[in-house]
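# Observations on the three-dimensional arrangement
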Amino acid sequence: MDWTPEQAAIIRHPLGAHALVHAAPGAGKTTTLVGRVARLVEKADVERIRVVMFNKAIQETFAERLERAGIAGVKVTTFDALGLEVLGRAQRQGLLSRPLEVVANGTQEWAQSIFRKYRGKIERSDDIADAVRFWKAHMVPPQRAECEDTPQLVEAYRDVEDLRAGGATLRIDFPDMVYTAVAVLRKHPCLLGAIDHFLIDEFQDINPARVELLQRLIHDQTALMAVGDADQAIY
C-alpha cells in the first residue's frame, strides 16, 4: 500500500501516545484506520484494543474491512453497544439491582405515555423525548435538570424515569445505555478490564456522557486516537 505522508504518520504514530486526527472528506480515513489497527495488532494484545464507530452501519462496514484485511479478534463497537457491554458485564457479576431489559424506542413510548398529563403545557411528546435524550447525553439526572423556558419538561423527565424504573426489570433504551453504564462505572470501575488502545471515529460528534464513558474505561497507559472533522459536526 502506498500511503501518503499524512496517512503513514497516523499508522506509525507511537503506540503509547494519544493522537487527534483531522480527517477531511476523501482523505482515505477508513483505509488508514485499518492500517493503524493492523499495526496495533502486530504489537499489542487484540483483546485490549477497541475501535468505536459512530453507528451500527459504519461499525459493521469497518468490521468487514478488518476481516478482509485478515485482522481478527479486534472488537469494533459503537458507544451504545459499549455501554451495553458494560451493563451486561455488571449484570453477570450481580451488580445490578434487577435484570436488564432493552426496550427499543422506549424513550418515545414513555414520553407518549405521560404526555397527556402535560397537554397544553408541553407542545408535543417529542419535546419530552428530545429533552430526556439531551439531558442523558450530558449526564444530567432529573434532580439536576433545568429548563427555564418550559419547566414542565423537568417534571416530565422525572415522570419518564419513574415509569422506566417502575417494574421488575431495569429497562433501558438507547439513550440509557451510556448514561446507565457511566453510573455503574462510577461505583464499579474497570468492569471491562484493561483497554490499552482506543480508536474513536467521528470524534467531533461525541457528547459528555460518551466522554465520561471513555474516561472510566481507560487506564493511565491507555493510548487514545480520536479521528474527526469539526466541519462535519452534527451538534
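So, a few notes on the structure that sits alongside this text. (Residues numbered from 1 in each chain as written. Predicted model: local features only at pLDDT ≥ 70, side-chain atom pairs only at ≥ 80, totals over all residues. Heavy atoms only, no water.)

## Some details on the packing of aromatic side chains
- Going through the model one piece at a time under the given rule, you end up with 1 aromatic pair.
- Between W135 and Y157, the aromatic rings sit 5.1 Å apart at their centres with planes inclined by 15°, giving stacked as the arrangement. Of the two residues, W135 is situated in helix α6 (residues 125-137) and Y157 in helix α7 (residues 152-165); the sequence distance between them amounts to 22 residues.
- Since its relative accessible area comes to 0%, Y157 is described here as buried. (Phe/Tyr/Trp six-rings, centres within 6.5 Å; stacked < 30°, edge-to-face > 60°. Helix = DSSP H or I, 4+ residues; strand = E, 2+ residues; numbered from the N terminus. Buried < 20%, exposed > 50% of the residue type's maximum accessible area, 1.4 Å probe, protein only.)

## Side note on the pairing of strand β1 (residues 19-22)
- Alternating residues of β1 divide into A19 and V21, all buried, and L20 and H22, none buried.
- Relative to strand β7 (residues 223-228), β1 runs parallel, the two being bridged by 4 bridges. Opposite V21, over in β7, you have V227 as the bridge partner. (Pairing = 2+ DSSP bridges.)

## Notes on the packing of α7 against helix α8 (residues 174-187)
- Two numbers describe how α7 lies on α8: the axes approach to 14 Å, and their chain directions differ by 85°. As the angle between them shows, α7 and α8 are arranged roughly perpendicular. Residue-level contacts link Y157, E161 and R164 of α7 to D176, Y179 and T180 of α8.
- Residues belonging to the contact of α7 with α8 are distributed by class as follows: 2 nonpolar, 1 polar and 3 charged. (Axes fitted to C-alpha atoms, helices over the stretch in contact; angles between N-to-C directions. Parallel < 35°, antiparallel > 145°, perpendicular 65-115°, else oblique. Contact = heavy atoms within 4.5 Å. Nonpolar A, V, L, I, M, F, W, Y, C, P; charged D, E, K, R; others polar.)

## Quick notes on the pairing of β7
- Buried residues dominate β7, accounting for 6 of its 6 residues.
- Residues A223, M225 and V227 line one face of β7 and the alternating positions L224, A226 and G228 line the opposite face, and both faces are buried.
- Two elements, strand β6 (residues 197-200) and β7, share 4 bridges in a ladder whose sense is parallel. For F198, the partnering residue across the bridge sits in β7 and is L224.
- Where the polypeptide runs from β6 across helix α9 (residues 208-217) and back to β7, its parallel neighbour, the crossover connection is right-handed. (Right-handed = clockwise from strand over helix to strand, strands pointing away.)

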